[in-house]
Every structure is written in C-alpha cells, then in structure tokens.
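# Per-entry structural report
This is what each chain is made of:
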Amino acid sequence: MTQPPVCDYEGSDYQSSFWDRGGREYEDRVEAIALKRLLPKGGRLLLELGAGAGRNTPRYAGFERIVLVDYSRSQLRQAQARLGASDRYVLVAADIYRLPFIPGVFDAATMIRTLHHMSDPPRALTQVRGALASGATFILEFANKLNMKAILRYWLGRQTWNPFTLQPVEFAELNFDFHPVAVRHWLQTLGFNVAKVLAVSHFRTGLLKRTVPTFMLVALDSLFQWTGALWQLTPSVFIKAALPGELPAIHVDDIRSIFRCPDCGHTPLLDKAQQMECPNCGRSWQKSDGIYDFREPAGAP
Ligand SMILES: [Zn+2]
C-alpha cells in the first residue's frame, strides 16, 4: 500500500523561529494550561507523537518514561540537547503511519500540533490506537477549521473554502485544518470515549497580542477553555480521549522490548550494536547517538 506523504521538519529551525523568537508566548502558555487540565496525574510510559524539539516534554513530569517520536532526526537531537541525557527519555525517529511499537504498551499518548500535518488522519490515529493499552488516555490537539476568523472571512467572501463542511482543508501543502465533528467521529470509530474538550487560543490575533498584556490574554483564555464542552470556535482544540477498560499492570524493564518491526510487525527485534535487527524479515534499523531510527531500513536481506 502506498504511504501518505510525511511532513518532515528535518533541518528546520521551527523551535527557535516559531516558538522562541516568533511571539508565541501566549500560544505556548495556553497550551500548557490545557495540557495540565487533561493529563493524568502520572503514569508509566507516555508516547509523545510529533515531539519536535521537546517543547512540551517537561510538562509530562508525572510519567516515569517518555517515548518521543518525530519524523525528523534533527528535531530529536534538539530535544536531546534540551532535555539532557536520561533513561527517562527514549528518542525514536519514525513515520506515524508505520509505528514501530508492540500493541497496547503505552498507558498514555499525546499528539499536539501534529495531526495538522496528516493527510490521512484516520490511518495515523489507528496506529496510535494500536500502541495504547486498554484504559489508556490520549490527548489530541488539532487545528480547527471551524474557527471564528475562518467563519468571518467566509461570510465576508474573503475565503473560498467553507468552514462548516466536515472535510479537512489543506490551506498550505501538508497543513490541514479539521472540523471538530470529524475528529470526534474518527476517535469514536476507533473505540475512544471523548472525555473532555477544551477550546484553546481564543485570542490568537496579532492585534490583541500586541495591545493586551500576555498575562491577561492567558488568564482569559484559561477561563474560556472550558466552553469547549459546549462549542469549539477557536483555532486550536484539545480533546482528552480514553480507551475503555482498566489499565493493565505492564512492566517494561528493557525499553527495547517495546519495539516491533515497522515493516512486518515482528517482535522482539535483536539488538546488534548500531542496529535493531528483525529476525523475521531480515531488515535492520539504525540506532545511533541515542536515537532509534525506524524510518528506512539501514540494511535489508
Ligand atoms: Zn521485519
């Protein structure tokens, strides 16, 4: 089957240009508030999808271990530098459509500002679902096409696409906005229960951010986030979804035991110095500088 295209941040200075110097303090702070409201108090093993340079990773302090997944190795190296060397963090370069994890091994997952780049969200979400244990929590952020600005622009005839339809809109190459009802439907189809919805980033306009002190915008957004239970008209929406059942008591002593071959699904993989080798299909996957790379086989039979 052909793979959907992947949005690759390889070599990107996204962290510094967008977050550190890009006037995104407001966005970062309201996201932190939303995450805090939705995250379980703690857990064993959290899967962070689209971890980038690890901006959110320190916010998962309640978890014993965090597996950071990103398609870009250079983003993961930035995360490494930011977080420091620690067994708590496991860095994995992988394609979300071919995740290299055994079924049901994670008790939580987060995916923030990442679905935004998926041309085939149900397929990506199916992979996430597969890696989660029963009773697991999944926190999903998505870019909302049904936001106030898009609605006004549409009504004023300054935007051709209709924010009210359920189809995703690709406003730039591999940048998608989604309808809240569509996202909810994808999650429910996969067996998730939607537990909480927060509407986030109410005041994401240049004018407000320039004229009103950030702390005030953050305080107001924090209050208004709860309206997400009733309606979602913000550019960013956070969903807390849960799988039914009780969390099993899984113990992961050896972190290498969570991996499976992304091509044939075989587990366990054999640890051969600089590579993880699949004894079933013979492919091997590079392991270097503390990063497991499951994107392309480093060696084939
Ligand atoms: Zn294999």
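Relevant structure appears above.
Cut-off values and rules
Residues numbered from 1 in each chain as written. Predicted model: local features only at pLDDT ≥ 70, side-chain atom pairs only at ≥ 80, totals over all residues. Heavy atoms only, no water. Helix = DSSP H or I, 4+ residues; strand = E, 2+ residues; numbered from the N terminus. Rg over C-alpha atoms; globule rule 2.2 N^0.38 Å. Buried < 20%, exposed > 50% of the residue type's maximum accessible area, 1.4 Å probe, protein only. Contact = heavy atoms within 4.5 Å. Lys, Arg positive; Asp, Glu negative; His and termini not counted. Charge placed at Lys NZ, Arg CZ, Asp CG, Glu CD. Expected span 1.5 Å × (residues − 1). Salt bridge = Lys/Arg side-chain N within 4 Å of Asp/Glu carboxyl O. Polar contact = N/O pair within 3.5 Å; in protein donor to acceptor, adjacent residues only side chain to side chain. Pairing = 2+ DSSP bridges. Axes fitted to C-alpha atoms, helices over the stretch in contact; angles between N-to-C directions. Donors = N, O, S within 2.8 Å, 3.2 Å for Na, K, Ca; no water. Tetrahedral: all angles 85-135°; square planar, octahedral: opposite > 155°, others 65-115°.

## Things to note about the overall build of the chain
Along the chain, the regular secondary structure elements total eight helices and 13 strands. For 301 residues, the compact-globule formula gives about 19 Å, and the C-alpha radius of gyration of the chain, at 19 Å, lands near that figure. When its C-alpha atoms are laid out on the principal axes, the chain stretches across 60 × 40 × 35 Å. In the chain, which comprises 301 residues, the proportion classed as buried is 49%. When contacts within the chain are restricted to residue pairs at least 6 apart in sequence, those whose partners lie at least 24 apart make up 67%. The distance from the centre of the 34 positive side-chain charges to the centre of the 29 negative ones in the chain is 6 Å.

## Examining helix α2 (residues 25-38)
With 14 residues, α2 should reach 20 Å at 1.5 Å per residue; the first-to-last C-alpha distance of 20 Å fits that figure. Buried residues of α2: Tyr-26, Glu-27, Asp-28, Val-30, Glu-31, Ala-34, Leu-35 and Leu-38, and no others.

## Digging into the pattern of salt bridges
In this structure the tally under the stated criterion is 17 salt bridges. One salt bridge connects Arg-55 with Glu-31, and the closest N-O pair in it is separated by 2.9 Å. Placement of the pair is Arg-55 in the loop between β1 (43-49) and β2 (63-70) and Glu-31 in helix α2, with a sequence separation of 24 residues. The exposure classification of Arg-55 matches that of Glu-31, with both residues buried. Arg-256 is paired through a salt bridge with Asp-271; the nearest N and O atoms lie 2.4 Å apart. In this pair, Arg-256 sits in the loop between β9 (236-242) and β10 (270-272) while Asp-271 sits in strand β10, placing the two residues 15 residues apart along the sequence.

## Topic: the environment of Asp-107
Along the chain, Asp-107 turns up in strand β4 (residues 106-111). In this structure the C-alpha to C-alpha distance between Asp-107 and Pro-248, which are 141 residues apart in sequence, comes to 8.6 Å. The residues touching Asp-107, leaving out its near neighbours within four places in the chain, are Gly-43, Arg-44, Leu-45, Leu-46, Phe-63, Ala-136, Thr-137 and Leu-247. One polar contact links the side chain of Asp-107 to the main-chain amide nitrogen of Arg-44, over a distance of 2.8 Å. Separated by 2.9 Å, the side chain of Asp-107 and the backbone nitrogen of Leu-45 make a polar contact.

## Quick notes on the sheet that holds β9
Read from one edge of the open sheet, eleven strands run β8-β9-β5-β4-β1-β2-β3-β13-β12-β11-β10, paired in mixed fashion. Bordering the open sheet on either side are β8 (193-200) and β10, each of which pairs with just one other strand. On average, each strand axis in the sheet is inclined to that of its neighbour by 20 degrees, with strand direction left out of account. Both β4 and strand β5 (residues 132-143) contribute to a ladder of five bridges, which runs parallel. Bridging across to β5, Ala-109 finds its partner in Phe-138. With respect to the sheet, helix α3 (residues 73-83) is in contact with β2, β3 (89-93), β12 (284-288) and β13 (291-293), its orientation differing from that of β3 by roughly 170 degrees.

## Some words on the coordination of the zinc ion
For the zinc ion, every protein donor is listed as Cys-261 (SG), Cys-264 (SG), Cys-278 (SG) and Cys-281 (SG), and the spread of their distances is 2.2 to 2.3 Å. Taken together, the four donor atoms coordinating the zinc ion and their angles of 100 to 122 degrees define a geometry best described as tetrahedral. The sequence motif formed by the donor residues of the zinc ion is C-x2-C-x13-C-x2-C. Of this pair, Cys-261 sits in the loop between β9 and β10 while Cys-281 sits in the loop between β11 (275-277) and β12, placing them 20 residues apart in sequence. Judged by relative accessible area, which is 18%, Cys-281 ranks as buried.

## Some thoughts on helix α5 (residues 148-155)
Where α5 begins, the side chain of Asn-147 points an oxygen toward the backbone nitrogen of Lys-149, at a separation of 3.1 Å. Trailing α5 by a residue or two, Gly-157 shows a phi angle of about 75 degrees, which is positive.

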